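# Tertiary structure, described
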Protein chains: 2
Amino acid sequence: MALTKGNSIAYLKKGLRGNKMLDFEKSDGLVPAIVQDYKTGEILMLAYMNEEAWNRTLETGEAHYWSRSREQLWHKGGTSGHIQKIKEIRIDCDNDAILLKVEQVGGAACHTGYRSCFHKRLEGDGNVSICGEKIFDPKKVYGK
Amino acid sequence: MALTKGNSIAYLKKGLRGNKMLDFEKSDGLVPAIVQDYKTGEILMLAYMNEEAWNRTLETGEAHYWSRSREQLWHKGGTSGHIQKIKEIRIDCDNDAILLKVEQVGGAACHTGYRSCFHKRLEGDGNVSICGEKIFDPKKVYGK
């Protein structure tokens, strides 16, 4: 947990801006980010960062992504309050993927209310079952 | 571990072929696959699957990917012997990303010899440190 300074890693911003550390060109300007619960190791979601999202994440200590569907910068939890506080950042061997270890405020990363976006399990009989815990009711959080 | 049948999930192939379960169109025919050690929860790598790789994975119970650099089907471990036996498959809420929980034969997923591809950690001082365990010498395994 060398990155933590309280709940922020804002001090990381020095010298780490832009694409100096990551290869954003490989996938049309986007780098996939695996998001893992820093305590339990559970995978919460996969999202994408462009340079701006990466910089904002380093500056604020809170996860920012690029929303491919909305085509805009996405401060995770900006609507629901379920932000992700960055505890550790790992970069892969090719500098084209990152792993964020986070504290998931509110306990759920998925917009469906489940703790993890990966709550569908492929079973041996060919069916898909729902596993994992539903933490909140999306209707109450998003009002729709 | 509902998927395991010995070390294979070959029986999963029935009815699960093609793009019936996954949205391959969203990212030019490729779906990102997070690879996690099924025992420790450690993230080992991120790779991509096209339909053929997905089908081969289901048929054989061993991870197959699409190599973006070599532009060919990639049976992980086909050269090094370090295959990944599938223990569980999760699909995300949008059907455009998967999580594989695997047994990593040989103990290392990264071509550099490290257990995980995510062996570079961003430190608070702005430097990148190497963490994680080096399991094998790539020169001995790949002969280069």
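So, a few notes on the structure that sits alongside this text. Given the structure is predicted, the values throughout are model-derived calculations rather than measurements.

### Quick look at the sheet that holds strand 5 (residues 84–91) of chain A
Pairing in this open sheet of 6 strands is mixed, and the strands run 2(A)-1(A)-6(A)-5(A)-7(B)-8(B) from one edge to the other. Among the strands making up the open sheet, the edge pair consists of strand 2 (43–49) of chain A together with strand 8 (128–130) of chain B. Each neighbouring strand pair of the sheet contributes to a mean axis angle of 30°, computed without reference to strand direction. Alignment of strand 1 (residues 31–37) of chain A against strand 2 of chain A, held across 6 bridges, turns out to be antiparallel. By the bridge assignment, A:Q36 is partnered in strand 2 of chain A with A:I43. Most of the contacts of helix 1 (residues 51–60) of chain A go to strand 2 of chain A, to which it runs at about 125°, and overall it touches strand 2, strand 5 and strand 6 (98–104) of chain A together with strand 7 (120–122) of chain B.

### Examining the relation of the copies chain B and chain A
Overlaying chain B on chain A yields an RMSD of 0.0 Å, the required transformation being a rotation through 180° with an accompanying axial translation of 0.0 Å. As the rotation angle and translation indicate, the two copies are arranged about a two-fold axis. Nearest to the rotation axis, the C-alpha of B:G41 is located 2.8 Å from it, this being the minimum over chain B. Residue by residue, 100% of the interface of chain B is reproduced at the interface of chain A, so both copies engage with the same surface.

### A short note on the interface of chain B and chain A
With 46 residues of chain B at the interface, the matching set in chain A holds 46 residues. The largest per-residue losses of area from chain B upon contact with chain A belong to B:F118, B:K120 and B:L122, which jointly make up 19% of the total buried on that side. Linking A:R68 and B:D96 is a salt bridge whose minimum nitrogen-to-oxygen distance equals 3.4 Å. At the boundary of chain B and chain A, one finds 18 residue pairs in polar contact (both at pLDDT 80 or more). At the level of secondary structure, the elements contributing two or more residues to the side of chain B that touches chain A comprise strand 1 (31–37), strand 2 (43–49), helix 1 (51–60), strand 5 (84–91), strand 6 (98–104) and strand 7 of chain B. Top contributing element to the side of chain B that touches chain A by residue count: strand 5 of chain B, with 4 residues. Taken together, the residues of the side of chain B that touches chain A break down into 25 nonpolar, 9 polar and 12 charged. As paired strands, strand 5 of chain A and strand 7 of chain B are joined by 2 bridges and run antiparallel to one another. Note on strand 7 of chain B: the bridge partner recorded for A:R90 is B:R121.

### As for the packing of aromatic side chains
All names here are of chain A. The final tally for this structure, using the stated rule, is 2 aromatic pairs over all chains. With a centroid separation of 5.4 Å and an interplanar angle of 55°, the aromatic rings of Y65 and W74 are classed as tilted. According to the relative accessible area criterion, Y65 is buried, its value standing at 0%. Here the guanidinium or amino end of K87 rests over the ring plane of Y38, the centre of that ring lying 5.3 Å away.

Rules used throughout
- Residues numbered from 1 in each chain as written.
- Chains lettered and ligands numbered in written order.
- Predicted model: local features only at pLDDT ≥ 70, side-chain atom pairs only at ≥ 80, totals over all residues.
- Heavy atoms only, no water.
- Pairing = 2+ DSSP bridges.
- Helix = DSSP H or I, 4+ residues; strand = E, 2+ residues; numbered from the N terminus.
- Axes fitted to C-alpha atoms, helices over the stretch in contact; angles between N-to-C directions.
- Contact = heavy atoms within 4.5 Å.
- Least-squares fit on C-alpha atoms with pLDDT ≥ 70 in both.
- Buried area = accessible area lost by both parts, 1.4 Å probe.
- Salt bridge = Lys/Arg side-chain N within 4 Å of Asp/Glu carboxyl O.
- Polar contact = N/O pair within 3.5 Å; in protein donor to acceptor, adjacent residues only side chain to side chain.
- Nonpolar A, V, L, I, M, F, W, Y, C, P; charged D, E, K, R; others polar.
- Phe/Tyr/Trp six-rings, centres within 6.5 Å; stacked < 30°, edge-to-face > 60°.
- Buried < 20%, exposed > 50% of the residue type's maximum accessible area, 1.4 Å probe, protein only.
- Lys NZ or Arg CZ within 6 Å of the ring centre and 35° of its normal.

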